[in-house]
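Here's the letter readout for the chains.
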Amino acid sequence: MDLCQLGAPADPGFRLDLEGRARFLHEGFTVEVQVRRATPEDVQDYYEHEYDPDEVVMEGTVTLCGVDVATVGALANECDADSMREALARILDEVVDDVHHTVARLSVRVQEINRKHRAKQT
């Protein structure tokens with residue numbers, strides 16, 4: 001997967017700002033990624049294995065019209081570039097898939113509400 005990071009130099013990796021954030025363009029969506037140090041509780045929530053102090057939590061969020069539509073997280077080992085890149089690729093793919101599913105569900109629900117509303121008015 002080619003990474004398209006917004007506001008950073010093009011290179012094979014990716015860069016985080018001082019707050020552990022980065023923005024990526026993936027399949028037409030802007031994905032805000034936040035990386036933070038994992039806690040022992042995070043490790044249990046994700047994989048239920050022993051805590052490793054080198055692990056970080058990566059979360060990607062897509063916001064449309066001021067609304068967070070989808071957020072996906074994963075653990076990665078910050079000392080392992082492949083682990084970081086794989087987690088990022090998985091997050092980008094999954095968060096965009098979630099956006100498509102959420103928007104489709106919302107569209108169907110809006111249509112149902114509109115149909116009911118029109119039926120009540122006649």
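Up top is the structure.
Residues numbered from 1 in each chain as written. Predicted model: local features only at pLDDT ≥ 70, side-chain atom pairs only at ≥ 80, totals over all residues. Heavy atoms only, no water.

Thoughts on the overall build of the protein
Scanning the protein from terminus to terminus reveals 2 helices and 5 strands. Moving toward the C terminus, one meets the helices and strands of the protein in the order β-β-β-α-β-β-α. Whereas a compact globule of 122 residues would reach a radius of gyration of roughly 14 Å, the protein reaches 18 Å, over 25% beyond that. When the backbone C-alpha atoms are referred to their principal axes, the protein occupies close to 65 × 35 × 25 Å. In the protein, the proportion of contacts linking residues at least 24 apart, taken out of those at least 6 apart, comes to 42%. With 13 positive and 25 negative side-chain charges, the protein shows a spacing of 15 Å between the two charge centroids. (Helix = DSSP H or I, 4+ residues; strand = E, 2+ residues; numbered from the N terminus. Rg over C-alpha atoms; globule rule 2.2 N^0.38 Å. Contact = heavy atoms within 4.5 Å. Lys, Arg positive; Asp, Glu negative; His and termini not counted. Charge placed at Lys NZ, Arg CZ, Asp CG, Glu CD.)

Observations regarding the pairing of strand β3 (residues 29-37)
Regular strands place their side chains on alternate faces of the sheet. In this structure, strand β2 (residues 21-26) lies alongside β3, joined through 6 bridges in antiparallel fashion. If you follow Arg-21 over to β3, its bridge partner there is Gln-34. Counted between consecutive antiparallel strands, the loop separating β2 from β3 contains 2 residues, among which Glu-27 sits at a positive phi close to 50°. Note that β3 and strand β4 (residues 55-64) share 7 bridges and pair antiparallel. Across the sheet, Val-33 pairs through a bridge with Gly-60, a residue of β4. (Pairing = 2+ DSSP bridges.)

Re the environment of Ile-91
Looking at the element boundaries, Ile-91 is found in helix α2 (residues 81-121). Residue classification places Ile-91 among the buried residues on the basis of a relative accessible area of 1%. Look past the residues within four positions of Ile-91 in its chain and what remains in contact with it is Met-58, Glu-59, Gly-60, Val-72, Gly-73 and Ala-74. (Buried < 20%, exposed > 50% of the residue type's maximum accessible area, 1.4 Å probe, protein only.)

Observations regarding the side chain of Ser-83
Residue placement: Ser-83 occurs in helix α2. Filtering out sequence-adjacent residues up to four positions away, Ser-83 remains in contact with Ala-76 and Asn-77.

Examining α2
With 41 residues, α2 extends 60 Å from end C-alpha to end C-alpha; this agrees with the ideal 60 Å at 1.5 Å per step. Listed in full, the buried residues belonging to α2 are Ser-83, Met-84, Ala-87, Leu-88, Ala-89, Ile-91, Leu-92, Val-95, Val-96, Val-99 and Thr-102. Tucked into the core, α2 has its buried residues touching β2, β3, β4 and β5 (67-77). (Expected span 1.5 Å × (residues − 1).)

Notes on the nonpolar core
In globular proteins that are soluble, nonpolar side chains generally tend to be buried together. Core analysis: the largest hydrophobic core is formed by 23 residues, its most contacted members being Phe-24, Val-31, Val-33, Met-58, Leu-88 and Val-95. The set of elements that each furnish at least two residues to this core consists of β2, β3, β4, β5 and α2. A total of 8 residues in this core trace back to one element, the largest contributor, which is α2. Every residue in contact with Val-33, bar those within four places of it in the chain, is listed here: Gly-20, Arg-21, Ala-22, Phe-24, Met-58, Glu-59, Gly-60 and Leu-88. (Core = buried A, V, L, I, M, F, W, Y, C linked by side-chain atoms within 4.5 Å.)

Things to note about the pattern of salt bridges
According to the stated counting rule, one finds 5 salt bridges in the structure shown. Of the charged contacts in the structure, one is a salt bridge between Asp-42 and Arg-36, with a shortest N-O distance of 2.7 Å. The exposure class of Asp-42 is buried, given its relative accessible area of 10%. Between Arg-37 and Glu-78 there is a salt bridge, with the nearest N and O atoms lying 2.8 Å from each other. (Salt bridge = Lys/Arg side-chain N within 4 Å of Asp/Glu carboxyl O.)

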